[in-house]
Amino acid sequence: MKNQNVIVTGGSSGIGRATALEFAQKGANVLITGRRLSSLEEVANQHENIVALVADSADPASANLIVEKALTLWGKIDVLVNNAGAGLVSPLEAATEKQINDLFAINVTASSLLATAAIPHLRASKGSIVNVTSAIGHKPSPHLSHYGASKAALEYLTRAWSLELAPDIRVNAVSPGPTDSGALTGMMGLSEEQAQAVQEQEKDMIPLKRRGVPEDISRWIVMLADPETAWVTGQVIDVDGGFAI
Ligand SMILES: NC(=O)c1ccc[n+]([C@@H]2O[C@H](COP(=O)([O-])OP(=O)(O)OC[C@H]3O[C@@H](n4cnc5c(N)ncnc54)[C@H](OP(=O)(O)O)[C@@H]3O)[C@@H](O)[C@H]2O)c1
């Protein structure tokens, strides 16, 4: 991945963190984003190729900010990983307009705006986009309906953009199953006890009988972005221990 310049949104924790480190270890330059500077800096301090930028994907202005920072650093962008995500665990009747809009603002709108801002530069480099979706996007689950719908939308966007942007830019997605990260107590808003109960329950639902670790997922994100896999586009790859089957 030498000379590859990569943007990873939500690069300060979990799947995004592992992805940033793996790209950097393979020689790529990586710009990571997130809302908290301290956790971004913790990751950037792990490898000299990683640069941190505080950017809240909920802010539509963040798309241009991120692309401009990458261009200032490197003058070229090869890979965009739309990884930052929002979650919502709620019965339908309890979900508010604001919660639903906030969820889609991150998972759908922010990913779209960042892709749009990056397109001219990805065209110039013949680069690629990797979206991080979710097994729940095609395995319906109670109380996760809006989260799943937002990830189903991102799957659709992946396939549609792959046609729209071919032959210049490849667009793929990795669809993780239950993976150890900050997600349950972070974006999903669960307490420690609730998170532990969910982890136990999910383990039994995974044919390979273990939850994922971030490196299970990052390996596939990096592989799909690698120019050596350049004949793959429009794919949503389940990396989930069989969970979604
Ligand atoms: N873990 C799973 O089981 C699982 C399963 C399926 C799909 N996924 C997907 O995987 C992706 C990564 O999640 P994860 O599991 O690695 O969770 P995580 O450990 O909580 O990491 C989320 C990352 O996104 C950043 N982030 C959250 N909201 C943001 C915003 N508004 N703007 C910018 N950055 C933001 C967080 O940093 P700050 O909080 O500092 O902003 C953090 O770096 C998400 O898209 C999620 O939907 C996860």
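As a reminder, the structure under discussion sits directly above these lines.
Engineer: Looking at this structure, I do not really get the overall build of the protein. What am I missing?
Structural biologist: What the protein contains, in helices and strands, is seven helices and seven strands. Going residue by residue from the N terminus, the α and β elements of the protein occur as β-α-β-α-β-α-β-α-β-α-β-α-α-β. Over its C-alpha atoms the protein spans a radius of gyration of 17 Å, differing by no more than 12% from the 18 Å that the globule rule assigns to 245 residues. Dimensions of the protein, computed from C-alpha atoms along their principal axes, come out at roughly 45 × 40 × 35 Å. Counting across all 245 residues of the protein, residues that qualify as buried make up 51%. The contacts in the protein between residues at least 6 apart in sequence include a share of 70% that link residues at least 24 apart.

Engineer: Got a minute to help me understand the sheet that holds strand 3 (residues 50-54) in this structure?
Structural biologist: Two modes of strand pairing occur in sheets, parallel and antiparallel, and in both the strands are linked by backbone hydrogen bonds. Reading across from one edge, 3-2-1-4-5-6-7 is the order of the seven strands in this open sheet, with parallel pairing throughout. Either end of the sheet is taken by a strand with one partner, and the two such strands are strand 3 and strand 7 (236-239). Each strand of the sheet is rotated relative to its neighbour by a mean of 20°, with strand direction disregarded. Note: strand 4 (residues 79-82) against strand 5 (residues 128-132), four bridges, orientation parallel. Among the inter-strand pairings, asparagine 82 is bridged to a residue of strand 5, identified as asparagine 131. In the packing of helix 1 (residues 14-25) onto the sheet, contacts are made with strand 1 (5-9), strand 2 (29-34), strand 3, strand 4 and strand 6 (170-176), and the angle to strand 1 comes to roughly 170°. Strands in contact with helix 2 (residues 37-44) are strand 2 and strand 3; relative to strand 3, the strand with the most contacts, it is inclined by about 175°.

Engineer: What is the right way to read the pairing of strand 3 from this model?
Structural biologist: The side chains of a regular strand alternate between both faces of the sheet. In this structure, strand 2 lies alongside strand 3, joined through five bridges in parallel fashion. Looking at strand 3, one finds that valine 30 is bridged to isoleucine 50. With helix 2 bridging strand 2 and its parallel neighbour strand 3, the resulting β-α-β unit is right-handed.

Engineer: So what exactly am I meant to see when it comes to the nonpolar core here?
Structural biologist: Side chains that are nonpolar tend, in soluble globular proteins, to be buried together. Formed by 26 residues in total, the largest nonpolar core has its most connected members in Phe23, Val30, Ile32, Ile50, Val81 and Ile221. For this core, the elements supplying multiple residues, two or more each, are strand 1, helix 1, strand 2, helix 2, strand 4, strand 5 and helix 7 (214-225). Ignoring sequence-local partners within four residues, the contact set of isoleucine 50 consists of Ala20, Leu21, Ala24, Val30, Ile32, Val43 and Ala44. Counting residues in each nonpolar core, the second largest holds 24 residues, with Ala63, Ala70, Leu154 and Val171 among its members.

Engineer: What is the right way to read the packing of aromatic side chains from this model?
Structural biologist: To describe a pair of aromatic rings, one takes the distance between the centres and the angle between the planes. Summed over the entire model, instances satisfying the criterion amount to zero aromatic pairs. One residue, lysine 139, lies across the ring of phenylalanine 243, its end atom 5.1 Å from the ring centre.

Engineer: Looking at this model, I keep getting lost on empty space enclosed by the protein. Mind explaining?
Structural biologist: Over the atoms, a rolled probe matching the size of one water molecule traces out where space is still vacant. Counted according to the given criterion, the structure contains one cavity of 30 Å³ or more. The space that makes up the largest cavity amounts to roughly 100 Å³. As for the largest cavity, its lining consists of 15 residues, of which Ser57, Asn82, Ala110, Ser111 and Leu114 are closest to the centre. For the lining of the largest cavity, the elements supplying multiple residues, two or more each, are helix 3 (62-74) and helix 4 (97-125). With five residues, the single largest contributor to the lining of the largest cavity is helix 4. Grouping the amino acids of the lining of the largest cavity by side-chain chemistry returns eight nonpolar, six polar and one charged.

Engineer: Help me understand the pattern of salt bridges, please; the structure alone is not making it clear to me.
Structural biologist: Side chains that differ in charge, positive against negative, can pair when their charged atoms come close. Scanning the entire structure with this criterion turns up 11 salt bridges. Across the pair arginine 211 and aspartate 180 runs a salt bridge whose closest N-O atoms are separated by 2.8 Å. With a gap of 31 residues between them, arginine 211 in the loop between helix 6 (192-205) and helix 7 and aspartate 180 in the loop between strand 6 and helix 6 connect regions that are remote in the sequence. By sharing partners, the salt bridges in this structure join Arg123, Lys126 and Asp168 into a single network.

Scoring rules and cut-offs
Residues numbered from 1 in each chain as written. Predicted model: local features only at pLDDT ≥ 70, side-chain atom pairs only at ≥ 80, totals over all residues. Heavy atoms only, no water. Helix = DSSP H or I, 4+ residues; strand = E, 2+ residues; numbered from the N terminus. Rg over C-alpha atoms; globule rule 2.2 N^0.38 Å. Buried < 20%, exposed > 50% of the residue type's maximum accessible area, 1.4 Å probe, protein only. Contact = heavy atoms within 4.5 Å. Pairing = 2+ DSSP bridges. Axes fitted to C-alpha atoms, helices over the stretch in contact; angles between N-to-C directions. Right-handed = clockwise from strand over helix to strand, strands pointing away. Core = buried A, V, L, I, M, F, W, Y, C linked by side-chain atoms within 4.5 Å. Phe/Tyr/Trp six-rings, centres within 6.5 Å; stacked < 30°, edge-to-face > 60°. Lys NZ or Arg CZ within 6 Å of the ring centre and 35° of its normal. 1 Å grid on protein atoms, 1.4 Å probe; cavity = no way out; pocket = protein on both sides within 12 Å on 5 of 7 lines; lining within 4 Å. Points joined across faces, edges and corners; volume = space filled by probe spheres on them. Nonpolar A, V, L, I, M, F, W, Y, C, P; charged D, E, K, R; others polar. Salt bridge = Lys/Arg side-chain N within 4 Å of Asp/Glu carboxyl O.

Read these as layout, nothing more, since geometry by itself doesn't imply function.
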